[in-house]
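So you can see what is in the structure, the chains are spelled out below.
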Amino acid sequence: MATLVLDNGAYTAKIGYSQEKVSVIPNCQFRSKTSRLKTFTANQLDEIKDPSGLFYILPFQKGYLVNWDVQRKVWDHLFGKEMFKVDFADTSVVITEPYFNFTSIQESMNEILFEEYQFQSALRINGEFILLDFLLLSE
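As the structure is a computational prediction, the values presented were derived from the model and not from experiment.

1. Here we look at the overall build of the protein
Here is step 1 of the chain: Helix and strand counts for the protein come out as three helices and 10 strands.
Here is step 2 of the chain: Start at the N end of the protein and walk to the C end: the helices and strands fall as β-β-β-β-β-β-β-β-α-β-α-β-α.
Here is step 3 of the chain: Burial statistics for the protein: of 139 residues in total, 41% are counted as buried.
Here is step 4 of the chain: Excluding contacts between residues fewer than 6 apart, the proportion of contacts in the protein whose partners are at least 24 apart in sequence is 59%.

Encoded structure:
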(Lines give C-alpha, C1' and ligand atoms only; values in the text may rest on other atoms or scores of the structure.)
Protein backbone atom coordinates (compact mmCIF):
# COMPACT_ATOMS: atom_id res chain seq x y z
CA MET A 1 0.00 0.00 0.00
CA ALA A 2 1.32 3.43 -0.99
CA THR A 3 1.29 6.43 1.32
CA LEU A 4 0.74 9.88 -0.13
CA VAL A 5 1.91 12.77 2.07
CA LEU A 6 0.18 16.13 1.51
CA ASP A 7 1.17 19.26 3.39
CA ASN A 8 -1.95 21.18 2.44
CA GLY A 9 -0.80 24.72 3.15
CA ALA A 10 -2.72 27.95 2.82
CA TYR A 11 -0.53 29.14 -0.07
CA THR A 12 1.44 26.12 -1.31
CA ALA A 13 0.87 22.40 -1.24
CA LYS A 14 3.80 20.06 -0.75
CA ILE A 15 2.99 16.59 -1.98
CA GLY A 16 4.76 13.32 -2.63
CA TYR A 17 4.71 9.62 -1.96
CA SER A 18 6.62 8.54 1.12
CA GLN A 19 10.32 8.04 0.42
CA GLU A 20 10.12 9.94 -2.89
CA LYS A 21 10.80 13.48 -4.06
CA VAL A 22 8.43 16.22 -2.90
CA SER A 23 6.63 18.60 -5.30
CA VAL A 24 5.77 22.12 -4.19
CA ILE A 25 2.92 23.77 -6.07
CA PRO A 26 0.53 26.68 -5.49
CA ASN A 27 -2.59 25.62 -3.57
CA CYS A 28 -4.98 27.85 -5.50
CA GLN A 29 -6.69 28.57 -8.76
CA PHE A 30 -5.78 31.37 -11.13
CA ARG A 31 -8.34 33.09 -13.28
CA SER A 32 -7.42 35.15 -16.30
CA LYS A 33 -9.40 38.27 -17.13
CA THR A 34 -8.03 38.36 -20.68
CA SER A 35 -8.51 34.71 -21.76
CA ARG A 36 -12.30 34.61 -21.53
CA LEU A 37 -12.21 33.92 -17.78
CA LYS A 38 -10.24 30.71 -18.24
CA THR A 39 -9.30 29.00 -14.97
CA PHE A 40 -5.88 27.50 -14.24
CA THR A 41 -5.25 25.20 -11.31
CA ALA A 42 -2.12 24.83 -9.18
CA ASN A 43 0.99 24.56 -11.39
CA GLN A 44 -0.68 25.31 -14.74
CA LEU A 45 0.78 28.83 -14.69
CA ASP A 46 3.24 27.92 -17.43
CA GLU A 47 0.34 27.89 -19.91
CA ILE A 48 -0.43 31.57 -19.30
CA LYS A 49 0.90 33.97 -21.92
CA ASP A 50 -0.05 37.21 -20.15
CA PRO A 51 0.19 36.88 -16.34
CA SER A 52 -0.63 40.57 -15.80
CA GLY A 53 -4.36 39.90 -16.05
CA LEU A 54 -4.47 37.19 -13.38
CA PHE A 55 -6.12 36.98 -10.04
CA TYR A 56 -6.01 33.99 -7.77
CA ILE A 57 -8.53 32.27 -5.54
CA LEU A 58 -7.28 30.60 -2.37
CA PRO A 59 -9.14 27.81 -0.57
CA PHE A 60 -7.94 29.15 2.81
CA GLN A 61 -8.91 32.25 4.78
CA LYS A 62 -7.18 33.19 8.02
CA GLY A 63 -5.42 29.82 8.02
CA TYR A 64 -8.55 27.67 7.75
CA LEU A 65 -9.89 25.75 4.77
CA VAL A 66 -13.17 27.41 3.80
CA ASN A 67 -13.49 27.20 0.00
CA TRP A 68 -14.03 23.50 -0.69
CA ASP A 69 -14.79 24.01 -4.39
CA VAL A 70 -11.32 25.43 -5.06
CA GLN A 71 -9.65 22.85 -2.82
CA ARG A 72 -11.40 19.97 -4.62
CA LYS A 73 -10.22 21.27 -7.99
CA VAL A 74 -6.65 21.54 -6.74
CA TRP A 75 -6.82 18.03 -5.26
CA ASP A 76 -8.37 16.69 -8.49
CA HIS A 77 -5.37 18.11 -10.34
CA LEU A 78 -2.86 16.76 -7.81
CA PHE A 79 -4.36 13.29 -7.56
CA GLY A 80 -5.18 13.00 -11.27
CA LYS A 81 -3.33 11.87 -14.38
CA GLU A 82 -1.33 15.07 -14.77
CA MET A 83 0.45 14.82 -11.42
CA PHE A 84 0.47 11.78 -9.13
CA LYS A 85 -1.95 9.28 -10.75
CA VAL A 86 -3.26 8.16 -7.36
CA ASP A 87 -4.77 4.68 -7.14
CA PHE A 88 -7.17 5.44 -4.30
CA ALA A 89 -7.99 1.77 -3.65
CA ASP A 90 -4.36 1.13 -2.72
CA THR A 91 -3.33 4.47 -1.17
CA SER A 92 -3.36 6.01 2.29
CA VAL A 93 -2.99 9.75 2.79
CA VAL A 94 -1.25 11.78 5.49
CA ILE A 95 -2.55 15.35 5.36
CA THR A 96 -1.79 18.42 7.44
CA GLU A 97 -4.29 20.66 9.17
CA PRO A 98 -3.92 23.74 11.38
CA TYR A 99 -3.84 23.60 15.15
CA PHE A 100 -7.28 23.89 16.73
CA ASN A 101 -8.99 23.11 13.43
CA PHE A 102 -12.76 23.40 13.56
CA THR A 103 -14.70 20.16 13.90
CA SER A 104 -16.86 21.06 10.89
CA ILE A 105 -13.75 21.39 8.70
CA GLN A 106 -12.37 18.07 9.97
CA GLU A 107 -15.65 16.29 9.26
CA SER A 108 -15.86 17.79 5.76
CA MET A 109 -12.27 16.75 5.04
CA ASN A 110 -12.97 13.19 6.21
CA GLU A 111 -16.08 13.04 4.05
CA ILE A 112 -14.24 14.23 0.95
CA LEU A 113 -11.17 12.02 1.46
CA PHE A 114 -13.18 8.86 2.11
CA GLU A 115 -16.41 9.29 0.17
CA GLU A 116 -15.31 11.26 -2.89
CA TYR A 117 -11.71 10.11 -3.31
CA GLN A 118 -12.08 6.77 -1.46
CA PHE A 119 -8.65 6.68 0.17
CA GLN A 120 -8.01 3.52 2.21
CA SER A 121 -7.03 5.50 5.30
CA ALA A 122 -6.24 9.07 6.28
CA LEU A 123 -4.16 10.64 9.02
CA ARG A 124 -4.70 14.31 9.78
CA ILE A 125 -1.68 15.82 11.52
CA ASN A 126 -0.37 19.29 12.38
CA GLY A 127 2.13 20.67 9.88
CA GLU A 128 5.18 21.03 12.08
CA PHE A 129 5.39 17.28 12.69
CA ILE A 130 5.59 16.57 9.00
CA LEU A 131 7.89 19.46 8.07
CA LEU A 132 11.04 17.71 9.22
CA ASP A 133 10.29 14.66 7.08
CA PHE A 134 9.72 16.84 4.02
CA LEU A 135 13.01 18.63 4.57
CA LEU A 136 14.82 15.32 4.79
CA LEU A 137 13.11 13.92 1.67
CA SER A 138 13.68 16.98 -0.49
CA GLU A 139 17.48 16.96 -0.04
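2. Some details on empty space enclosed by the protein
Here is step 1 of the chain: The final tally for this structure, using the stated rule, is one cavity of 30 Å³ or more.
Here is step 2 of the chain: Computed from the structure, the largest cavity encloses a volume of approximately 30 Å³.
Here is step 3 of the chain: Taken together, Asn8, Phe60, Leu65, Thr96, Glu97, Pro98, Asn101, Ile105 and Met109 make up the full set of residues lining the largest cavity.
Here is step 4 of the chain: Of the residues that constitute the lining of the largest cavity, the class distribution is five nonpolar, three polar and one charged.

3. Topic: the pattern of salt bridges
Here is step 1 of the chain: Applying the stated rule across the entire model yields four salt bridges.
Here is step 2 of the chain: Two residues, Lys14 and Asp7, come together in a salt bridge whose shortest N-O distance is 3.7 Å.
Here is step 3 of the chain: Assessed through its relative accessible area of 21%, Lys14 is described here as partly exposed.
Here is step 4 of the chain: On the basis of relative accessibility, which here comes to 11%, the residue Asp7 falls in the buried class.
Here is step 5 of the chain: Here the salt bridges do not stand alone but share partners, grouping Asp69, Arg72 and Glu116 into one network.

4. Describing helix 1 (residues 68–79)
Here is step 1 of the chain: Over its 12 residues, helix 1 extends 16 Å from the first C-alpha to the last, a length consistent with the 16 Å expected when each residue adds 1.5 Å.
Here is step 2 of the chain: All of the buried residues along helix 1 are Trp68, Val70, Gln71, Val74, Trp75, His77, Leu78 and Phe79.

5. Re helix 2 (residues 103–116)
Here is step 1 of the chain: With 14 residues, helix 2 should cover 20 Å at 1.5 Å per step; its first-to-last C-alpha distance of 19 Å lies within 8% of that length.
Here is step 2 of the chain: Among the residues of helix 2, those classed as buried are Ile105, Gln106, Met109, Ile112 and Leu113. For helix 2, the buried positions fall inside an angular range of 130° around the axis, keeping them on one side. Exposed and facing more than 90 degrees away from the buried side of helix 2 are Glu107 and Glu115.
Here is step 3 of the chain: One or two steps after helix 2, the chain reaches Gln118, where phi turns positive at roughly 60°.

Conventions adopted
- Residues numbered from 1 in each chain as written.
- Predicted model: local features only at pLDDT ≥ 70, side-chain atom pairs only at ≥ 80, totals over all residues.
- Heavy atoms only, no water.
- Helix = DSSP H or I, 4+ residues; strand = E, 2+ residues; numbered from the N terminus.
- Buried < 20%, exposed > 50% of the residue type's maximum accessible area, 1.4 Å probe, protein only.
- Contact = heavy atoms within 4.5 Å.
- 1 Å grid on protein atoms, 1.4 Å probe; cavity = no way out; pocket = protein on both sides within 12 Å on 5 of 7 lines; lining within 4 Å.
- Points joined across faces, edges and corners; volume = space filled by probe spheres on them.
- Nonpolar A, V, L, I, M, F, W, Y, C, P; charged D, E, K, R; others polar.
- Salt bridge = Lys/Arg side-chain N within 4 Å of Asp/Glu carboxyl O.
- Expected span 1.5 Å × (residues − 1).
- Arc of directions from axis to C-beta.

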